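For reference, the chains in residue letters:
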Amino acid sequence: MATLLQAFGRFFTKHPLAGNGLVYGTLYVGAEFSQQTITRKFLTNPPQDIDRPTLGRYAIMGTFVYSPILYNWYKWLDKTFPGTAKRIIVKKLLLDQFLLTPPLLVIFFTGMSLMERQQSITEECRQKFMPTFARSCLFWIPAQTLNFVLVPPKFRVVYVGSCAFAWVNILCWVKRQKMLSSSSAP
């Protein structure tokens, strides 16, 4: 086991973007898989099969879209605002939550709608953005406080990926909520 961890550590050090992508993507898909397992296997009668195309969409989003964005974002953030002083942490938290999170949510809803070939790629985002952003503030501000205070920079994306496992379970739940039909929307 120690040899495996050492090999992973070497790979992660030599290829941080790929390492972060593999870990983050796996956790992202794992969150959707756990949601599907609960909703399709335990809460549905008769049980349904796992929706593999949806797992594929989450794999694309987590591995190839979010992971590189987060890797580069935290690299920039740590270079621009080094340290763990209280005022530095507050700057990082505010930038992370209010500068990065809104585009990430737009990318999530519109990207998923695009991959699902929805008629409108923006409708779900319009309806779900604000409640999702409010939930993200409640979840991510405490999680990111720990990240910026305790986690070494090279492991930030992995830490965020671990938190994202819980967060993406919330996103998956939000994604599954019915939208208002266009005719009944205000």
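What you are looking at is a predicted structure, and each value in this text was computed from that prediction instead of being measured. (Residues numbered from 1 in each chain as written. Predicted model: local features only at pLDDT ≥ 70, side-chain atom pairs only at ≥ 80, totals over all residues. Heavy atoms only, no water.)

Comments concerning the UniProt feature "transmembrane region" (unreviewed entry) in the protein
Here, the residues flagged by UniProt with the feature "transmembrane region" (unreviewed entry) are residues 55-74, 94-112 and 157-174. End C-alpha atoms of residues 94-112 are separated by 26 Å, and the span's content is 100% helix alongside 0% strand. Counting secondary structure, residues 157-174 comes out at 100% helix and 0% strand; the distance between its end C-alpha atoms is 23 Å. (UniProt positions renumbered as here; feature names shortened; annotations may be inferred. Helix = DSSP H or I, 4+ residues; strand = E, 2+ residues; numbered from the N terminus.)

A word on the environment of Leu171
As for its placement among the helices and strands, Leu171 is situated in helix H6 (residues 156-176). The class of Leu171 is buried, set by a relative accessible area of 1%. It is 9.0 Å that separates the C-alpha atoms of Leu171 and Glu32, two residues lying 139 residues apart in sequence. In contact with Leu171, other than residues within four places in its own chain, are Tyr28, Leu105, Phe108, Phe109 and Thr132. (Buried < 20%, exposed > 50% of the residue type's maximum accessible area, 1.4 Å probe, protein only. Contact = heavy atoms within 4.5 Å.)

Here we look at empty space enclosed by the protein
With the rule as written, the count across this model stands at one cavity of 30 Å³ or more. There is about 190 Å³ of room inside the largest cavity. In terms of lining, the largest cavity is formed by 17 residues, of which the most central are Tyr24, Thr101, Leu104, Trp140 and Trp167. Sorting the residues of the lining of the largest cavity by element identifies helix H3 (52-80), helix H4 (86-115), helix H5 (123-150) and H6 as the ones contributing at least two each. Of the residues assigned to the lining of the largest cavity, the class counts are 13 nonpolar, three polar and one charged. (1 Å grid on protein atoms, 1.4 Å probe; cavity = no way out; pocket = protein on both sides within 12 Å on 5 of 7 lines; lining within 4 Å. Points joined across faces, edges and corners; volume = space filled by probe spheres on them. Nonpolar A, V, L, I, M, F, W, Y, C, P; charged D, E, K, R; others polar.)

Quick word on the nonpolar core
Within the largest apolar cluster, 39 residues are counted, with the highest numbers of intra-cluster contacts made by Tyr24, Tyr28, Leu70, Tyr74 and Phe108. When contributions to this core are tallied by element, the ones reaching two or more residues are helix H2 (16-42), H3, H4, H5 and H6. If you tally residues by element for this core, the top one is H6, at ten residues. Residues lining this core come from more than one domain, with at least three contributed by each of domain 1 (18-64) and domain 2 (81-166). (Core = buried A, V, L, I, M, F, W, Y, C linked by side-chain atoms within 4.5 Å. Domains from an automatic or database assignment.)

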